[in-house]
2 protein chains.
Amino acid sequence: MSIQKPSIPKGTRDFGPAVVARRNYIFGIIRRTFEKFGYAPLETPTLENLSVLTGKYGDEGDQLLFKVLNSGDFLKDVTADDLTNEDGKATRRVLPKVAEKGLRYDLTVPFARYVVMNRGTLVFPFKRYQIQPVWRADRPQRGRYREFYQCDADVVGTDSLLCEAEIVLMMCEVLNALGLTDFTIKINHRGVLRNIYQALGGEGRESDLFVAIDKLDKIGRDGVTTELRERGFSAPVIDTLFELLSVSGDFQEKLERLLAGFVTAGVEADHADGYKGLRELGQVLELLRGFGFEQFGNLEFDPTLARGLSYYTGCIFEIKINNVNMGSVSGGGRYDNLTGSFGLPGVSGVGFSFGVDRLYDCLEELSLFPEGAAATTRCLIANFDADNMTAMLPVLRGLRAAGIASELYPEPAKLAKQFKYADGKGVAYVLLQGSEERAAAVFKLKDLRTGQEQTLTLAQVVAALA
Amino acid sequence: MSIQKPSIPKGTRDFGPAVVARRNYIFGIIRRTFEKFGYAPLETPTLENLSVLTGKYGDEGDQLLFKVLNSGDFLKDVTADDLTNEDGKATRRVLPKVAEKGLRYDLTVPFARYVVMNRGTLVFPFKRYQIQPVWRADRPQRGRYREFYQCDADVVGTDSLLCEAEIVLMMCEVLNALGLTDFTIKINHRGVLRNIYQALGGEGRESDLFVAIDKLDKIGRDGVTTELRERGFSAPVIDTLFELLSVSGDFQEKLERLLAGFVTAGVEADHADGYKGLRELGQVLELLRGFGFEQFGNLEFDPTLARGLSYYTGCIFEIKINNVNMGSVSGGGRYDNLTGSFGLPGVSGVGFSFGVDRLYDCLEELSLFPEGAAATTRCLIANFDADNMTAMLPVLRGLRAAGIASELYPEPAKLAKQFKYADGKGVAYVLLQGSEERAAAVFKLKDLRTGQEQTLTLAQVVAALA
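Residues numbered from 1 in each chain as written. Chains lettered and ligands numbered in written order. Predicted model: local features only at pLDDT ≥ 70, side-chain atom pairs only at ≥ 80, totals over all residues. Heavy atoms only, no water.

Draft legend 1. Quick look at the nonpolar core. Ile 30 and Phe 34 of chain A together with Ile 26, Ile 30 and Phe 34 of chain B are the most contacted members of the largest nonpolar core, which has 269 residues in total. Once you skip the residues sitting within four places of it in the chain, Ile 30 of chain B turns out to touch Ile 131, Cys 151, Val 174, Phe 354, Val 356 and Leu 359 of chain B. (Core = buried A, V, L, I, M, F, W, Y, C linked by side-chain atoms within 4.5 Å. Buried < 20%, exposed > 50% of the residue type's maximum accessible area, 1.4 Å probe, protein only. Contact = heavy atoms within 4.5 Å.)

Take a look at the structure:
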């Protein structure tokens, strides 16, 4: 074995003790919220067959999948001809011969696969949450990693809008618990967007409008107007668009004004259902009122919200933390046919996801991590010499039996070194029993944050630390 | 997208809600024990550079590493000549050109890499635990998976035998907490094995003896004798071997008899330290006595214990559950030079690991999972009709505010269907408010395990479920 300077792959991270503890703090709040709302945990394998993953995330997604080399003689089916790249298709030809597995790219496709494979035994509606890492061979950059966690909750097998209302409740509950109070939950409905397309005579050209509207934040109204003119939309039509997009008022007022706008613009009722999107959003609002929901100030109906994923068909959600310059920390929506590509059509569902890395950065930027989040040893017992060490063993055992995370410094050493160890590890207390204390059957307990020292009996030490 | 019947890769598993809850029960006990003993959590990336992984697990291990295909044009450096396999080395030639990353194979090598990369900032002794999956391209079979979890705890930067004694304590604490009372912790020391080799004149031929002794369980004394005779050991020497291996008595007696045996056999004191292995085992025993350890009946000094991993140099451990037919559920040992191959020599450490899949199977076989382990919704509120659904929203919110995991059936449906849902999901209680109960401002609470039904006010319901 040659000596080497080790490194980790680009876009991956080691999480040391302090960071793990803080991440677990976030995971814990999300997990407890999901469970309180009746979502049950699911875990799927890291390795999925490429036949399951490929074609689900668009061409770009297929490129970003991490593929795992077949084991053994992975070259056995590859010929020299396969390598000829005059047609630019060599990798496409060779790939299926050398790799049949890939790394999980998101938690949604594995969830759909699981539902289809277990449809015979699952109880529907099936509510599951899943907190696991995913992998994307994206170009690493600040805040974008190749290995990162997603926290998803989805329910499939019901059309009930109760699920949408509860997603709003869960989003609020998690953010409130994390202390992130200044946030906006944006909500929209794909049906509303569809109606807006109709108002613009854009049926069948949704993607053009979609792309343009999505840029509103960046290029403003003038930019979007120019782009739409270039794509052949007339000035009056574009005026109608902005009229619809810019309805003002609270949730209810926007719903009503948008409905009036649709009627004025001569938009037909969306399919047989009437203006389904607006109606469903109204019902979600009604359910939230029924719950006694109090955070309407954090909820915004935003007709310009589009969301990237193609499979959404109903309500869509997105959360932005207002006082932090960062993309959305959570998003989701309803889909009609997630399991269709695996041969199980007609299973409607709705789900959402938290981005833990972004939540982490928000909490750090706003100094919202509680002090206790970095769980570590609470008490270090000093080790003076072999005799003292022996005497401290039952003391150590007693502290642990009382549930107090404790350590005895593993060998006799200078006190300064032992205190340095405690400091470096974030230990709160050091317990000492020198010969004087031993004679009196007491201990010195030093609080490392305040520097205060108390002389206590063992029972008092346990009481002070428990 | 063509419709396909989805599957998961061989040797991988989906964990549904009930299994996740039971696995988390085991993880929780292990985690809490590690933390109580001052071990802090570490997480390393799934993807490691192959330069870090290769050569650390022997030739067979290198074969079993999952390699990840480089992204983009992974063929760009591969030539037709590389594919020529007349020398049988085509895969070896092509591999480094198409894959530079692999999946984590164990938690020890990533830990060593982490220590070396962070040596400037870590506080030593560094005590970390790590609970993460690993991947091995092994032939899948009953109880052997390609993706499975390991739970490791290691401390590096100290020679103190306190660590060894505490490993015994942690092993007992975890097994006791899981209810696995009938177990044996086998302990040995590589120095003892080395002295036994010397007694047989086998210095430099350790591996021959090692392999033979390892088979004692399977082929018995006669088989081992035959094998050693074939390898050139004489009959008297083999007699000495079995005399040493078969010392009887408790831990202390075995230590003393083995020491006497070494002297008789003319074994020289192991290096400058005297019979270091025996002496260190004696010190571990002494420390356990100092702790007031009470489970000496579960601890066995087994001079035949060898352990497979080559990097062990001191004490070695292994746990067997006696009343279950299964391999060891935990093992570990001390190593002198884990980080040497990464350029940091002389960092001694000791660690051990629990095999969660085997612990799971033991608990299942012995019916030791507690009832509450499958955390799920505690209360389902029945949904009679739209009015009733609206009335139940604040009730649902109140239950959750009291920390009770609750659901409202998402749409009005036949009661039988709703009860079937609750049953299938393992929900303990169903709460109903028909028109009669509503008029009286009370609820019916049905316990699904006993079938008992109570009529209660909301406050009483909360009290009953909290």
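After that view, the rundown keeps rolling.
Draft legend 2. Structural context of the packing of helix α7 (residues 162-178) of chain A against helix α13 (residues 276-290) of chain A. Residues and elements named next belong to chain A. It is at 9 Å that the axes of α7 and α13 come closest, and there the two elements cross at 60 degrees. One finds that α7 runs oblique with respect to α13. By crossing handedness, the relation of α7 to α13 is classed as right-handed. Between α7 and α13, the contacting residues are Leu 162, Glu 164, Ala 165, Val 168 and Leu 169 on the first element and Val 284, Leu 287 and Leu 288 on the second. When its residues are assigned to classes, the contact of α7 with α13 shows 7 nonpolar, no polar and 1 charged. (Axes fitted to C-alpha atoms, helices over the stretch in contact; angles between N-to-C directions. Helix = DSSP H or I, 4+ residues; strand = E, 2+ residues; numbered from the N terminus. Parallel < 35°, antiparallel > 145°, perpendicular 65-115°, else oblique. Left-handed = near helix turned anticlockwise from the far one by under 90°. Nonpolar A, V, L, I, M, F, W, Y, C, P; charged D, E, K, R; others polar.)

Draft legend 3. Structural detail: the sheet that holds strand β10 (residues 330-335) of chain A. Residues and elements named next belong to chain A. Reading across from one edge, β1-β5-β6-β11-β10-β9-β7-β8 is the order of the 8 strands in this open sheet, with mixed pairing throughout. Each edge of the open sheet carries a strand with a single partner, namely β1 (40-41) and β8 (299-301). Bridge analysis of strand β7 (residues 183-189) against strand β9 (residues 312-321) gives 7 bridges, and the strand direction is antiparallel. When the bridges of β9 are listed, Thr 184 appears paired with Lys 320. (Pairing = 2+ DSSP bridges.)

Draft legend 4. Spotlight on the interface of chain B and chain A. In this complex, chain B contributes 102 residues to the contact, which on the side of chain A involves 103 residues. Summing the contributions of chain B and of chain A, the shared interface buries around 8,800 Å²; its carbon and sulfur component is 63%. Linking chain B with chain A are 8 salt bridges. The partner of Asp 14 of chain A in a salt bridge is Arg 113 of chain B, with the nearest N and O atoms 2.8 Å apart. Remark: the boundary between chain B and chain A carries 27 residue pairs in polar contact (both at pLDDT 80 or more). Tallying contributions element by element places helix α15 (residues 386-401) of chain B first for the side of chain B that touches chain A, with 6 residues. By residue class, the composition of the side of chain B that touches chain A is 54 nonpolar, 25 polar and 23 charged. (Buried area = accessible area lost by both parts, 1.4 Å probe. Salt bridge = Lys/Arg side-chain N within 4 Å of Asp/Glu carboxyl O. Polar contact = N/O pair within 3.5 Å; in protein donor to acceptor, adjacent residues only side chain to side chain.)

Draft legend 5. Region of interest: the relation of the copies chain B and chain A. Expressed as a screw transformation, the operator carrying chain B onto chain A has a rotation angle of 180 degrees and an axial translation of 0.0 Å, and the superposed copies differ by an RMSD of 0.1 Å. Seen this way, the second copy is the image of the first under a two-fold rotation axis. The rotation axis passes nearest to the C-alpha of Val 68 of chain B in chain B, at a distance of 2.2 Å. Comparing interface residues between copies, 100% of those in chain B also sit at the interface in chain A, which points to an isologous, same-surface contact. (Least-squares fit on C-alpha atoms with pLDDT ≥ 70 in both.)

Draft legend 6. Fine view of the domain arrangement of chain A. Looking at chain A, the domain boundaries give domain 1 (17-47 + 104-365), domain 2 (48-103) and domain 3 (376-465). Using C-alpha coordinates to define each centre, domain 2 of chain A is positioned 58 Å away from domain 3 of chain A. (Domains from an automatic or database assignment.)

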